[in-house]
Amino acid sequence: MIAATDAHSGVLLGDALLANCDEREIGGKARGLLQLAGSGAVVPPFLVVSAAAFRAHLLRAEIPAALGEAMLALSEVEVGDPAALGAFERIAASLRAAVEAAPLDEAIAGELAASLAQLGAGPYAVRSSMVGEDSARHSFAGQLDSELYQREDDVLGSVRRCWASSFGARALAYAARLGLPPTAVRTAVIVQQMVDAEASGVAFTANPLTGSRDECMVTATYGLGEGVVSGVANADEYLWPAAGDEQATIANKDVQVIRAESGIGTTEAAVPKTMRDERALSPAQVAEVVKTARAIAAGSGKPMDVEFSYAEGQLHVLQARPITSLPLPAAEGPVRVYDNSNIQESYNGVTTPLTFSFASRAYSTVFRQFARTLGASRGSLADFEPAARTLIGLVRGRVFYNLGSWLELLALLPGGEQKRKDLEVVMWRTTIEGAAAERRSPARRALRAVELVGVGGRLLFRFARMEREIEQFLDHFHSVYDAVDRRALREASLPQLFEVGQVLQSELLDRWEIPNINDFRVLMTSGHLRRLLERHYPPEEVDGHLADLLGGIEGIESVEPTRLLLELARDAREEPAAVAAIRGGEGDAAIADLHRDAPEIAARLDAFIERYGDRTMGELKLETVTYRDDPSFLISVLASYFDVPDLDPEGLAAAERERFEAKLADLSGRLPVWRRPLLSWELGVARRAVKGREATRLRRTLAFGLARDIYRAAGLRLAEAGFLDDENDVVYLTVDELDAFVEGRAVSVDLAPIAAARKAEFERYAEIEVANRFRTTGSPYVGNDLTEMPAEEAERPPAADGALRGLGCCAGVVKGPVRVIFDPRGEPIENGDILCTVRTDPGWAALFPTISGLIVERGSALSHSAVVAREFGIPTVVGVPEVTKLLQNGETVRLDGTAGTVERTA
């Protein structure tokens, strides 16, 4: 509530005002007027009734009781509720009545009368000057009352009404959105000699539409500035560039705001017809306004909007405040398109600087190596270098593909245009705009054509040996990875951790060309199969048939963790002690109980965590808490499996193989006899490519898991030495900063404030909704509108009335309740629910045995979740735009995994 000990500064005028110009007492508007007067601008004389006088007034009569009732009522208002406005209006009416009814303190009233005599004859303008009203952070501008053309005996009532406007419905709602209680308000009141204006307006020292700091925009109309501010009066617009002539847009000004006939207040009046299409300001007056406004802005050091009036040829400055919502200037530079298709399943949500810097380095390294392995020439590698650095970008804490850089990569391959279409349709479900930059002379282009022949030959040669090379890659990976004792890293020194990190980089990430070549084999073979299906099936069935042909792959690595968990749950269900431990405990406590009461089950669970402990939600994010750190989610998944009537992983896999064989037979029957043997060979290559892809991606998960352990241990060492406040803050540093710290190249070793600043920044990003696809010019962080741009996704036939259309990834029809979930670790799933989410990654696969269907907002036929869902025969539709916003928890839907549709049912 209001403290009775507030200082009482009363009414301030002249020297007293200059001596008490603290904004906390006179408010931002009055403080601004003092600064304007000090800058030499002509400002009408004014006095200020201080914020302390306002606070003292709030202790009078019935106001404290009204404030208490208002605070209680406000605590029950949901700001986003449609009914909130009515509640704010009711609360405001009661508060305003109490503030206006309370008589003004006699001492204040006496001071005000004496000060008005010194100020000079009226009429007066009486305006609120709230503390913080015009700040860059909080702007209450336009939410408080002003009363114009007030006589001396009207001023006392006007002051009370201005105070009361601090509790208007709009002001209360705005404060509530900012989390401010009504008692936090401090409002002063300005009483100023009124300017009987012939023309008025507002000057912006930067163009409010484009953000250009080189242009001033002046709006002006006849009469008082209230006509411009309220929008009642049409206004001329004068654009004054840094160089060149003024650009004037003259409005038809049929209405003006002038003094009311009674002499008190204002009224709207018609402008004489002969004046309506004439300029409100002459060119000389516009020049004077611009010169004055720019001088004010130069003094403040920031762009300003300046309210002014002309009376008898004299320019009066009435108010100036910073422009709080000025757009950044239009950007210049290269155009880029950012899209999160596919990559969002690896780096979902806000991603920390450590993860992004590690991932960015990995992308650059492995694709440079990929280009060299394919035999790209030195010139082509130089051309590709800028793209190699920018394959992924970080905008507002989210990771995106830079599609233009991927076009540059595809340009290194033969048949680039077809590969582009395959990438769009099969992998990303989005159009890659633009074309690779053409920097080559005709001679270089001819040499490049010859080079592509060689690249194509090397690709085919590597494809022919790919199964053998994948085995060699896996052997080499484990020879390096298995040699590292991950448990010992926690106690290692910074130099030791740096050494292990160097081995990770040079022996694993720098040798990632085989997984990359196989990924392109997946792209090419899947794209080829899709084009074959398009010739023999209706368009709406193609995606579902492709999914079936790539399902039922025996021994696929992505399915193995879930299969092992199902087997473990099936066997544990036969041991009451194991069931009691799993159902009765959480995380480490449950595992401890298992070790005591069901040691065989505990040993199998330990082995699972050792092998697959990194395969969790957000598995490629170094900030993720994995099953190795906290097995609570794993325990809850096992407990949920106990409620599944038939734990039969082999039966699920067999059903998917049957679907594959049936689809293969159907497609074969549509082909000429001579073509069928080739189909079997093509399918074999494509399915082996997908199996290899899943195997190598698990190793990527393990590599990132090893990196996670290295950097977490580094964070602990840095915290122990006092360079970080908390060991977990290491995720707000970059890999380059950590390398430089160890190697003696750090430009700053005071890491704690750097990490703290970034932590605060990325926490703000978590509150911002970011578009999935947007276009930028120049730097994406300067002057760009990051709103959603339409993605020209691969054409899909329209769905039936009322149905949502996506990509069918696993055949089958299921009807049931929807469970919309964004983080399964904190939200329960009932057995048989249809899971609906924005995106998934391999860590979600553990949930699949308990669901009856899967709907994903973002994704493709080769997303990890789609691959695993097919293996378990779960009807799945991915790529359904905005589905998590359209469907509600508990709503019953019919999901068709063949047609790729989701229909609401009664």
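Residues numbered from 1 in each chain as written. Predicted model: local features only at pLDDT ≥ 70, side-chain atom pairs only at ≥ 80, totals over all residues. Heavy atoms only, no water.

## Structural notes on the packing of helix α4 (residues 63-74) against helix α5 (residues 84-101)
Interaxial distance between α4 and α5 falls to 9 Å at its minimum, and their mutual angle equals 170 degrees. Taken together, the axis directions place α4 and α5 in an arrangement best described as roughly antiparallel. Across the interface between the two elements, I63, A66, L67, A70, A73 and L74 from α4 touch F88, I91, L95, A98 and V99 from α5. For the contact of α4 with α5, the per-class residue count stands at 11 nonpolar, no polar and no charged. (Axes fitted to C-alpha atoms, helices over the stretch in contact; angles between N-to-C directions. Helix = DSSP H or I, 4+ residues; strand = E, 2+ residues; numbered from the N terminus. Parallel < 35°, antiparallel > 145°, perpendicular 65-115°, else oblique. Contact = heavy atoms within 4.5 Å. Nonpolar A, V, L, I, M, F, W, Y, C, P; charged D, E, K, R; others polar.)

## Digging into the sheet that holds strand β17 (residues 773-777)
Pairing in this open sheet of four strands is antiparallel, and the strands run β15-β16-β14-β17 from one edge to the other. Two strands bound the open sheet, and with one partner strand each, they are β15 (392-395) and β17. Across the sheet, the mean angle separating the axes of adjacent strands is 40 degrees when strand polarity is ignored. Sheet topology places strand β14 (residues 335-339) next to strand β16 (residues 398-402); two bridges connect them, and they run antiparallel. Following the sheet pairing, Y338 is matched in β16 by N402. (Pairing = 2+ DSSP bridges.)

## Brief notes about the confidence of the model for the protein chain
For the protein chain, per-residue confidence averages 84 on the pLDDT scale, and residues scoring 70 or more make up 89% of the total. Between the elements of the protein chain, mean pLDDT differs from a low of 57, seen in helix α14 (residues 416-428), to a high of 96, seen in helix α27 (residues 735-743). Throughout residues 1-8 the model reports pLDDT below 50, and contacts reaching past four residues in sequence, or to other chains, amount to 20 contacts. Within the model, pLDDT remains below 50 along residues 134-142, and this stretch shows 25 contacts once partners closer than five positions in the same chain are excluded. (pLDDT = per-residue confidence, 0-100.)

## A short note on the layout of surface pockets
Of the voids in this model, the largest pocket is the one considered here, and its volume is about 940 Å³. Tallying contributions element by element places β16 first for the lining of the largest pocket, with three residues. Here the second largest pocket is characterised by a volume of approximately 730 Å³. Among the secondary structure elements, those contributing two or more residues to the lining of the second largest pocket are α16 (466-481), α23 (599-612) and α26 (676-720). Counting residues per element, the lining of the second largest pocket draws most heavily on α26, which supplies six residues. Considered class by class, the residues forming the lining of the second largest pocket number 11 nonpolar, two polar and 15 charged. (1 Å grid on protein atoms, 1.4 Å probe; cavity = no way out; pocket = protein on both sides within 12 Å on 5 of 7 lines; lining within 4 Å. Points joined across faces, edges and corners; volume = space filled by probe spheres on them.)

## A closer look at helix α2 (residues 23-38)
Taking 1.5 Å as the rise per residue, α2 with 16 residues should run 22 Å; its terminal C-alpha atoms sit only 16 Å apart, a clear shortfall. A maximum bend of about 75 degrees is found in α2 at K29. Residues of α2 that are buried: E25, I26, G27, G28, K29, A30, G32, L33, L34 and L36. Just past α2, the residue G40 takes up positive phi, approximately 100 degrees. (Expected span 1.5 Å × (residues − 1). Bend = angle between axes of the 7 residues up to and from the residue. Buried < 20%, exposed > 50% of the residue type's maximum accessible area, 1.4 Å probe, protein only.)

## Examining the nonpolar core
One broad rule of soluble globular proteins: the nonpolar side chains tend to lie buried together. With 75 residues, the main nonpolar core has F358, Y363 and F367 as its most contacted residues. No other element matches α26, which puts 10 residues into this core. Not counting residues up to four positions away in its chain, the partners in contact with Y363 are I343, Y347, L391, I392, Y401 and W406. Formed by 71 residues, the second largest nonpolar core is a distinct cluster that contains Y537, I609, W844 and L847. (Core = buried A, V, L, I, M, F, W, Y, C linked by side-chain atoms within 4.5 Å.)

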